[in-house]
Structure formats: C-alpha cells, structure tokens
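Descriptive structure summary
This is what each chain is made of:
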Amino acid sequence: MYLQPKRPPQPLYGAGHSKLKTNGSFLLTSVLLSFAVFYVIYNVNGNILLNTADAPSRSWQLEAIAQCQTFQTSPSPAPNFHERDQSDRFVEGTSPVLIKNARIWTGAHNGTEVLENADILLHNGLIKRVGHLGVGAEASLAQEHRDKLVMIDAQSAWVTPGIVNVHSHAGVASMPVLSSALDTDSHNGNIQPWLRSVDGINTHDDAYQLGIAGGVTTALVFPGSESAIGTFYNLNSLQQVY
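What counts and how
Residues numbered from 1 in each chain as written. Predicted model: local features only at pLDDT ≥ 70, side-chain atom pairs only at ≥ 80, totals over all residues. Heavy atoms only, no water. pLDDT = per-residue confidence, 0-100. Contact = heavy atoms within 4.5 Å. Helix = DSSP H or I, 4+ residues; strand = E, 2+ residues; numbered from the N terminus. Buried < 20%, exposed > 50% of the residue type's maximum accessible area, 1.4 Å probe, protein only. Polar contact = N/O pair within 3.5 Å; in protein donor to acceptor, adjacent residues only side chain to side chain.

**Quick word on the confidence of the model for the protein chain**
Per-residue pLDDT for the protein chain averages 76, and the proportion of residues at 70 or more is 67%. Residue range residues 15–21 is modelled with pLDDT below 50. Its contacts to residues more than four positions away, or to other chains, number zero contacts.

**Description of the side chain of Ser 87**
Tracing the chain through its elements places Ser 87 in the loop between helix 2 (58–70) and strand 1 (97–105). Ser 87 sits in the buried class, given a relative accessible area of 8%. Of the polar contacts made by the side chain of Ser 87, one reaches the backbone nitrogen of Arg 89; its length is 3.1 Å. What Ser 87 contacts, discounting residues up to four positions off in sequence, is Asn 124, Gly 125 and Leu 126.

**Here's the deal with unusual backbone geometry**
Glycine aside, residues mostly have negative phi angles, and peptide bonds mostly take the trans form. Residue Pro 176 is reached from Met 175 by a cis peptide bond, and omega for that bond is 0 degrees. As for its position among the elements, Pro 176 is in the loop between strand 6 (163–168) and helix 5 (206–213). Within the chain, Asn 124 stands out as a residue other than glycine whose phi angle is a positive 55 degrees. Following the sequence through the fold, Asn 124 ends up in the loop between strand 2 (114–123) and strand 3 (126–131). Under the relative-accessibility criterion, Asn 124 is labelled buried at 18%. Positive phi, close to 70 degrees, is recorded for Ser 156, a residue that is not glycine. The residue Ser 156 is located in the loop between strand 4 (150–153) and strand 5 (158–159) in this model.

Shown next as structure tokens:
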C-alpha cells in the first residue's frame, strides 16, 4: 500500500498576506495620527475651522455645557424667596385678607399638621402669618392696613395649600360621564403627535367646580390614556388665588 506524505498547512491568504498586513498597520497608524493632530488643533484654537467666522466659538461651547449642567440642579426657590415682600404675581390694588377660624392643613410634619380654629393673613400676594393670632389681632391688623383688610370667617372650613393635579382629564372626559361629550381619546391610531386636549376641552364641565371644591388650583389636562402617544397637553388654572 502506498501512502502519500502529509502536506504542510497552506496559508489562508496567499503569499501577499504579510505584505497586506504591513500596509494595513501603516494605514491604521496614519489614521490615528490624523485624529491626534485634529484633536490638538481643535483644543488649541477653540473650534474645528481654526477660528473662522462660521465655526462656533469657545464661549458658545461653554454656555452650552453650562446649560446642560443646569438640568442636574434640583428645583428650588430663588435665593431671596423668604426675604421678598411681594409676590411677582401680585395684582396691584388687591386688599389684604384675614381668614379666621379655619381648619388649616399646613403640609408640615410630613403632611400631618392640622391647625384648628386658626388664622391666615394674606398680603401682597404672600402668606404673611399662619396660626392663632390671638385677641385683638383683627383691630391691630385693620389699623396697620388702613382699614382695607378683608376678613373672612371660615367657620372651621378646611384651608389647604393649592393642590396641583399633574395628570387630569378634566374637561375632556365629561363629569358625569356622557358618551356624546367624551373627548379623552382618539382611536384612529396609537401615535398621534397632532392630538391636543385644548381642541376638545370643555371649560364649563362640572369637573372644574368639583376640583376647586377639593382644593385643586391647577390641573395638567392630557388627551388619552389608551392610545395617544406624543400628544399636546393643556395647563389650566382652575381659580384665582390671592
């Protein structure tokens, strides 16, 4: 029996493989050097086109970075919030108001504090005093504010901070529910960026008065909860606050 000798393994890429590999390494090195030079020029001159008029300036870039950093800031009042004497939403000519004998939900102590038969003084669009003002407070306040003080006896009714409803269908979903006046959803598709709650809202719906009675001052009204992706909402102020 004749046995053929085993052949050595053949190269996969032919004779020019080593040369191709060398040329590829040279090309990769050239590309990396080009990027390095580009990076140095960009950082030294502040823009890609070496300070030409069409390129963004370094100050513009810093402003953009600073604006992005503000997104990481937690919401908080202005630094002078507690020192201000007048609200920026105050309407000139509005008289100070003293609400007496109220059951006040202050929101303090993790939302558990309730003051019974307490008083609230509103002036210049700000809450000036909360608590039991004591005997003679009405006369002194009336004298202090030159007899323009408006006094309201709450007769133990609830007084709360304005409640903000961040997900509402008031005015687009009727109250009571009536199929002929139900404009909450559109079933013409599940992606409708043109769908707007303002086009179907009824500001005379009973839901508004019920919301006000419950202490809601602002409602964010959305169209749809079923199939409307990318729609426009409507921010409604339910009542005038002092």
